[in-house]
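The residues making up each chain are set out below.
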Amino acid sequence: MAAPVLRWCCPARRWILANIDRGPRHGRGAPTGSRSSGKRGQSSVAQQPLVTAQKPRKGEHQWAAVVGLEIHAQISSNSKLFSGSQVHFAAPPNSLVSFFDASLPGTLPVLNRRCVEAAVMTGLALNCHINKKSLFDRKHYFYADLPAGYQITQQRLPIAVKGSLAYSICVGKKRNQVINKTVRIKQIQLEQDSGKSLHDDLRSQTLIDLNRAGVGLLEVVLEPDMSCGEEAATAVRELQLILQALGTSQANMAEGQLRVDANISVHRPGEPLGVRTEVKNLNSARFLAKAIDYEIQRQIEELENGGEILNETRSFDYKLGCTVPMRDKEGKQDYRFIPEPNLPPLLLYDSASLPAGADPQQVINIDQLREQLPELPSVTREKLVQQYGMLPEHSLTLLNEVGLLEFFQNVMKETRAEPKKVTSWVLNTFLGFLKQQNLAVSESPVTPSALAELLNLLDQKAISSAAAKKVFEELWRSGGKTPAQIVSEKRLELMQDQEALEQLCQATMEEHPQVVMDLKKGNPRAINKLIGLVRKATLNRADPTVIKEMLEKQLSS
Amino acid sequence: VVEHLERLALVDFGGPEAVARLERAVAVADRLRAVDTDGVQPLESVLEDRCLYLRSDNVVEGNCAEELLRNSHRVVEEYFVAPPGNISLPKLDEQEPFSPS
């Protein structure tokens, strides 16, 4: 069965002990850690689907990696989850903090309606079952940026459970084979964010800013259905696109609005799952896949050398490019979960169960929210494929690159050229230039209008394909001029005068009788030589195919 | 367990009076079993059937940094000062916001 092979290996890649070039080696772990599978309060080890036991070939080490993710997304709302202070990224320290956020005695949590709606919408978009009754709990731990000493979360009965997230990865040498994958979603829950701590090691103190304390978070728990860094990174990217399309979170990793923790373990195919480690502090899209792959390799190396994997929490050090253990996470944390006594159960309704005469401000109708769901990325991509006949992998690239889809659509609005041409120019030429100079779409020197005009000229056959590329280069460099200006300046227009071209053809043939004889003798390359000569005569302003037709016509007459 | 309880309760279970007292206490607690709780969901709070109020998403609080900072023993430039938190090995010299949640 082909499926299991793909399931535990990143497309056709087997995890083999590899020599990775990294910084200081960590001491070989003394076998002190427990070998238990480490069930934590919230997430549990998923059922491993049956994998056909393959005997590892002699001398070859085969490993399967299992990756689960816990993703925290900051809800895009005006005020915080349980208080009326503002949610904003950059602000003077402790200026966006209410008495409740500072956990002053006598304050109580008051649930923000917008956050609940955001959670329900996200659950619906991810095919989850929405729990009509969900409960809030307290998760206790001591840390300076958690003034109350506990975080209000939903451990027992979260707002949404059992969903799925579909994503596609491109494989193959040219990355043009699209494989569709799914990862199950264990649950989505509402919880509070903590404040920020800045470590001042010099003066041995920590500075606390509570602006972020109490901001609403959606924790999305993905089951360990992924098998490598690339799959995890792609799934996270798709989730980002969905959250942004819904408007429930801006999901900007750079601003800390999307944070990912990974649970990683390795095992030999056919054997039970290995001990898992948790890697925290994965806050960069660029390093997500790297960090996960590093940890997988580290675990494989450790086990290959006879060591043991400790059920510990590690952090990814961006500078060193490796994962390091977190000192304070040794041993199990007892979070002493208790029901949040200040919040009754959260009840949601659908159109059937909506109580009559209820205050609309005080009730949330799941069906109404479902109807109001905006278009999801997968639907947008499908529409692009249907409307413009583009390949699925192209639609993936268009949506993946920030601002590219809008650029493409703006070009389409102003041009008469065929969608396939536009797609090709945007994805190959335009994107190629952007990547070469490491620019974002918003920083592009070429506007959609300029590209549209250029493609119109090409479509009208006013210029040749090669000339168009030259014009594009010039547009990129100069920025100010229009395509028409560049074409006339550089005399790149195609010859429109048929008679003149015919005369040139005649003249060229008369000047080179040898080549004509060669052609008549049946030498196929002679025609190309002739075409080349005519082109030179026209100063490269004639389309080779047109020249060929003309020559052939004249020769046969 | 008994030793553990002894230490916690500071009661010596050695003597017969102590044992008798304990037996009486257990008998009182046993009366709970007289209540039939089949099919009844455990209660967590007597406010369970109250309506959970939903607040509109408006900014109505905040902007009281000065007031809040007055509560703190030590303050540095509008930040609360706390003893050094737990940091991961090896020492990171960057200001990475750390949250163990």
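Given the structure is predicted, the values throughout are model-derived calculations rather than measurements.

Reading guide: rules and limits
- Residues numbered from 1 in each chain as written.
- Chains lettered and ligands numbered in written order.
- Predicted model: local features only at pLDDT ≥ 70, side-chain atom pairs only at ≥ 80, totals over all residues.
- Heavy atoms only, no water.
- pLDDT = per-residue confidence, 0-100.
- Helix = DSSP H or I, 4+ residues; strand = E, 2+ residues; numbered from the N terminus.
- Contact = heavy atoms within 4.5 Å.
- Buried area = accessible area lost by both parts, 1.4 Å probe.
- Salt bridge = Lys/Arg side-chain N within 4 Å of Asp/Glu carboxyl O.
- Nonpolar A, V, L, I, M, F, W, Y, C, P; charged D, E, K, R; others polar.
- Pairing = 2+ DSSP bridges.
- Buried < 20%, exposed > 50% of the residue type's maximum accessible area, 1.4 Å probe, protein only.

Residues and elements named next belong to chain B. The pLDDT averaged across chain B works out to 78; a share of 78% of its residues lies at or above 70. Averaged pLDDT values for the elements of chain B fall to 72 in helix α1 (residues 2-9) and rise to 95 in strand β1 (residues 54-55). Per-residue pLDDT stays below 50 along residues 88-101; that stretch engages in 39 contacts with residues further than four places along the chain or on separate chains. Reported confidence for the predicted complex is 0.72 by ipTM and 0.77 by pTM.

What follows is about the interface of chain A and chain B. Across the contact, 70 residues belong to chain A and 50 residues belong to chain B. Here chain A and chain B share an interface that buries about 5300 Å² over both sides, 56% of which is from carbon and sulfur atoms. For the pair chain A and chain B, the interface holds zero salt bridges. Looking at the side of chain A that touches chain B, the element that brings in the most residues is strand β10 (residues 205-209) of chain A, giving five residues. Each residue belonging to the side of chain A that touches chain B can be placed in one class, and the counts come to 31 nonpolar, 23 polar and 16 charged. In this sheet, strand β3 (residues 79-82) of chain B lies alongside β10(A) in antiparallel orientation, the contact comprising three bridges.

Residue and element names in this part refer to chain A. Throughout the structure, instances matching the rule amount to 21 salt bridges over all chains. With its nearest N and O atoms 2.6 Å apart, the salt bridge here joins Asp-193 to Arg-259. You can see Asp-193 sitting in the loop between β8 (177-192) and β9 (196-200) and its partner Arg-259 sitting in strand β12 (residues 258-267), a full 66 residues away along the chain. You'll find Asp-193 and Arg-259 in the same group, each marked buried. Residue Arg-314 is joined to Glu-295 by a salt bridge in which the shortest nitrogen-to-oxygen separation is 3.5 Å. Highlighted residues: Arg-314 in strand β14 (residues 313-317) and Glu-295 in helix α4 (residues 285-304), separated in sequence by 19 residues. The exposure class of Arg-314 is buried, given its relative accessible area of 2%. The class for Glu-295 is buried, based on a relative accessible area of 0%. Several salt bridges share partner residues, and in doing so they unite Glu-295, Arg-298, Glu-312 and Arg-314 into one network.

Residues of chain A with pLDDT of at least 70 account for 87%, and the chain-wide mean is 83. The low-confidence segment residues 17-60 of chain A, where pLDDT is below 50, has 76 contacts with residues more than four positions distant or belonging to other chains.

Our next topic: the pairing of β8(A). Residues and elements named next belong to chain A. For strand β7 (residues 160-171) and β8, the ladder comprises 11 bridges, and the chain directions are antiparallel. Residue pairing in the sheet places Ser-164 in a bridge with Arg-184 of β8. Hairpin connection of β7 to β8: five residues between the antiparallel strands, including Gly-172 at a positive phi of 95°. Bridge count for β8 against strand β11 (residues 216-226) is seven bridges, and the pairing is antiparallel.

Residue and element names in this part refer to chain A. One non-glycine residue, Asn-94, adopts positive backbone phi at about 60°. Counting through the fold element by element, Asn-94 comes out in the loop between β1 (64-74) and β2 (111-112). In this structure, Ser-103 takes a positive phi of about 50° despite not being glycine. Residue position: Ser-103 is located in the loop between β1 and β2. Judged by its relative accessible area of 25%, Ser-103 falls in the partly exposed class.

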